[in-house]
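Spelled out from the first residue to the last, the chains are:
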Amino acid sequence: MAEDADVIVVGGGLAGLVAATEIADAGKRVIVVDQEGEQSLGGQAFWSFGGLFLVDSPEQRRLGIKDSYDLALQDWMGTAGFDRDDDHWPRQWAEAYVAFAAGEKRDWLRAMGHRIFPVVGWAERGGYDAMGHGNSVPRFHVTWGTGPGIVEPFERRAREAQKNGRLAFKFRHRVDTLLMTNGAVEGISGSVLEADSVERGKSSSRKVVGDFSLRAQAVIVASGGIGGNHEMVRQNWPKRLGEPPKFMISGVPEHVDGRMIGITEAAGARLINRDRMWHYVEGIRNWNPIWPRHGIRILPGPSSMWFDATGKRLPAPLFPGSDTLGQLEYIMGTGYDYSWFILTQSIIKKEFALSGSEQNPDLTGKSWRMTIKRATNKGAPAPVEAFKKNGADFIVRDNLADLVSAMNALSGDNLLQLNHIKTQIEARDREITNPYVKDAQVMNLHNARRYIGDKLIRTAKPHRILDAEHGPLIAVKLNILTRKTLGGFETDLDSRVFGSNGEIIRGLYAAGEAAGFGGGGMHGYRSLEGTFLGGCLFSGRNAGRAAAKAAS
């Protein structure tokens, strides 16, 4: 049968857009299919904070941060913890990605008009030894324009290719089958869903109004992960993180359902590291939800005191911003699936940011005037104050006794004892004004304020939690928030997918989260953050260039 295109890309998220534009730029014909409507182009990247992992960037150097490929690779490998036979290709992808982040990544994006907010963030700070988990230095570069700002250059390139006839979009086309001939992929078939103008992120109709079949020399699967499918998350939940949470909220829309992963695996593709995943522990229920079970992640500074459901302070080095999966393992080991922050108005004003483009109108809207107010406002950023006022997980009180009472009422478990909480806070408060301390979190706080970026906009001046001048007191109930799968389809460095027999499946490629952001799991067990969007960029580019080159 005649081919409809040289390459078909399944998924209109960031990885799919990058792959499609590389194919079109190579002069080949590409079709992008997506089960959602045109309004959802850009996928999960649109909703993101826009963070990118870069190494030895001009932004870092201007802030006095000394970084290098060797240091970044040391951090990556210490974080990934590769220890399986299946980690052969993930390890190669990790080395290649760190080289990309230390090399052409920034210039490649900048040539397309991408810009970066000048203050570099410090995510996943670790706290173990030099070869353990965490970023030794700040590397989290926020896109000026957040998620939409990272999507825009590739959407623009795609629209130009569409005008030139090299790229076609097929929205509301849901893939049901990969078409195979003699072990090679040569197309897709599926169902056409009825048109639905529902707002981006909201659940769309699944009514089938037709079917379709498309053929090409290659198919790139860039369909995303499973974070919107809680049943699948629980099925793949690793025992090392305890039992799956009974209650979770979603960091991604409902259509992030993992359906295409199952279809591709059924066609013979080899899925590895499916038990590696990345979910946040600082999730709060969105008081103004867009999708079902919509949750937002708090991006915390280092000062909030963190207590488990029973009122015990989390042990070192499980401080805010240090080790997401270490915190998840500890919390699930308590027998409960939630925890608490206790903080002050001074802390929330300086240290709370919310993940998501819609929660950061200043950065998303590229408004310097609004952004500067983060450092000068008397209150927290408006979206944070809105959560403090309206969020179901926020409690504000003038004294600790009333705060703890309200925390018990909110959880319904009545596990917290005032004297136990008070003793721990007072012990911390006795050390806060001393230049030399034994409290590891206070040490961490002083270390953070040595970095000018944190001192300016991310770390409150050290003060006693129970100092009324810094009040009122605030408690936040933290939920498990689903987000990313770290495993995926095993691929070589050209994003070609391996079959269950260990051989490359001709004509099949995978990129983005479906490929574990490259190789089937280039992050290993943990992420350094800023690496998910970057993994979509890198794997999408590799897949697009390789598929275009292979197309005759």
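K.L.:
Would you take a moment to explain the overall build of the protein chain for this structure?
P.N.:
Scanning the protein chain from terminus to terminus reveals 18 helices and 21 strands. Its C-alpha atoms give the protein chain a radius of gyration of 23 Å, within 12% of the compact-globule value 24 Å for 552 residues. Counting only C-alpha atoms, the protein chain reaches 75 × 45 × 45 Å along its principal axes. For the protein chain, with 552 residues in total, the buried portion stands at 62%. The long-range fraction of contacts in the protein chain, counting pairs at least 24 apart against all pairs at least 6 apart in sequence, stands at 77%. When the accessible surface of the protein chain is summed, it comes to about 20900 Å², and 49% of that surface belongs to carbon and sulfur atoms.

K.L.:
Hey, could you run me through the pairing of strand S5 (residues 167-171) in this one?
P.N.:
Across a regular strand the side chains alternate sides, sitting on one face of the sheet and then on the other. Alternating residues of S5 divide into Leu-167, Phe-169 and Phe-171, all buried, and Ala-168 and Lys-170, none buried. Sheet topology note: the strand S2 (residues 30-34)/S5 ladder contains five bridges and is parallel. Bridge pairing in S5 links Val-32 to Phe-169.

K.L.:
For this particular structure, what's the right way to read the sheet that holds strand S6 (residues 173-181)?
P.N.:
Strand pairing in a sheet is mediated by backbone hydrogen bonds. Such pairs are either parallel or antiparallel. Reading across the sheet, the three strands line up as S6-S7-S8 and stay open at both edges, with antiparallel pairing between neighbours. A single partner strand is all that each edge strand has here, and the edge strands are S6 and strand S8 (208-215). Sheet twist, expressed as the mean angle between neighbouring strand axes with direction ignored, is 20°. Of the pairings in the sheet, the one linking strand S7 (residues 184-193) to S8 comprises seven bridges and is antiparallel in character. In the sheet register, Leu-193 faces S8, and the bridge partner there is Val-208.

K.L.:
Could you clarify how one ought to interpret the pattern of salt bridges in this entry?
P.N.:
Once the charged atoms of two side chains with opposite charge are near each other, the side chains can pair. What the rule picks out here adds up to 37 salt bridges. Here Asp-176 and Arg-259 are joined by a salt bridge, their closest N and O atoms 2.6 Å apart. With Asp-176 in strand S6 and Arg-259 in helix H8 (residues 259-266), the pair connects residues that are 83 residues apart, well separated along the chain. Using a relative accessible area of 25% as the deciding quantity, one classes Asp-176 as partly exposed. Residue Arg-259 is classed as partly exposed on the basis of its relative accessible area, which comes to 31%.

K.L.:
Help me understand the pairing of strand S14 (residues 305-308) in this model?
P.N.:
Side chains of S14 alternate between two faces, with Met-305 and Phe-307 and Trp-306 and Asp-308 buried alike. Sheet topology note: the S14/strand S15 (residues 338-344) ladder contains four bridges and is antiparallel. Within S15, the position partnered with Met-305 by the bridge is Ile-342.

K.L.:
Would you mind showing me how to read helix H14 (residues 400-411) here?
P.N.:
In an α-helix, one full turn covers 3.6 residues, which means residues spaced three or four apart are oriented alike. Over its twelve residues, H14 extends 17 Å from the first C-alpha to the last, a length consistent with the 16 Å expected when each residue adds 1.5 Å. Inspection of H14 places Leu-400, Leu-403, Val-404, Ala-406, Met-407, Asn-408 and Ser-411 among the buried residues, and these make up the whole buried set. Next to the buried residues of H14 lie S15, strand S17 (394-397), helix H15 (418-431) and strand S18 (473-485). The N-cap residue of H14 is Asn-399: its side-chain oxygen and the backbone nitrogen of Ala-401 are 3.2 Å apart. Following H14 by one or two positions, Gly-412 has its phi on the positive side, about 80°.

K.L.:
Before we go on, may I ask you to explain the side chain of Asp-362 in this structure?
P.N.:
In this fold, Asp-362 is placed in helix H11 (residues 361-364). Relative accessible area serves as the criterion here: at 6%, Asp-362 is assigned to the buried category. Leave out the neighbours within four places in its chain, and Asp-362 touches Trp-144, Ser-367, Met-370, Thr-371 and Arg-374.

Criteria and cut-off values
Residues numbered from 1 in each chain as written. Predicted model: local features only at pLDDT ≥ 70, side-chain atom pairs only at ≥ 80, totals over all residues. Heavy atoms only, no water. Helix = DSSP H or I, 4+ residues; strand = E, 2+ residues; numbered from the N terminus. Rg over C-alpha atoms; globule rule 2.2 N^0.38 Å. Buried < 20%, exposed > 50% of the residue type's maximum accessible area, 1.4 Å probe, protein only. Contact = heavy atoms within 4.5 Å. Areas by Shrake-Rupley, 256 points an atom, 1.4 Å probe, with all protein chains shown as cover. Pairing = 2+ DSSP bridges. Axes fitted to C-alpha atoms, helices over the stretch in contact; angles between N-to-C directions. Salt bridge = Lys/Arg side-chain N within 4 Å of Asp/Glu carboxyl O. Expected span 1.5 Å × (residues − 1). Polar contact = N/O pair within 3.5 Å; in protein donor to acceptor, adjacent residues only side chain to side chain.

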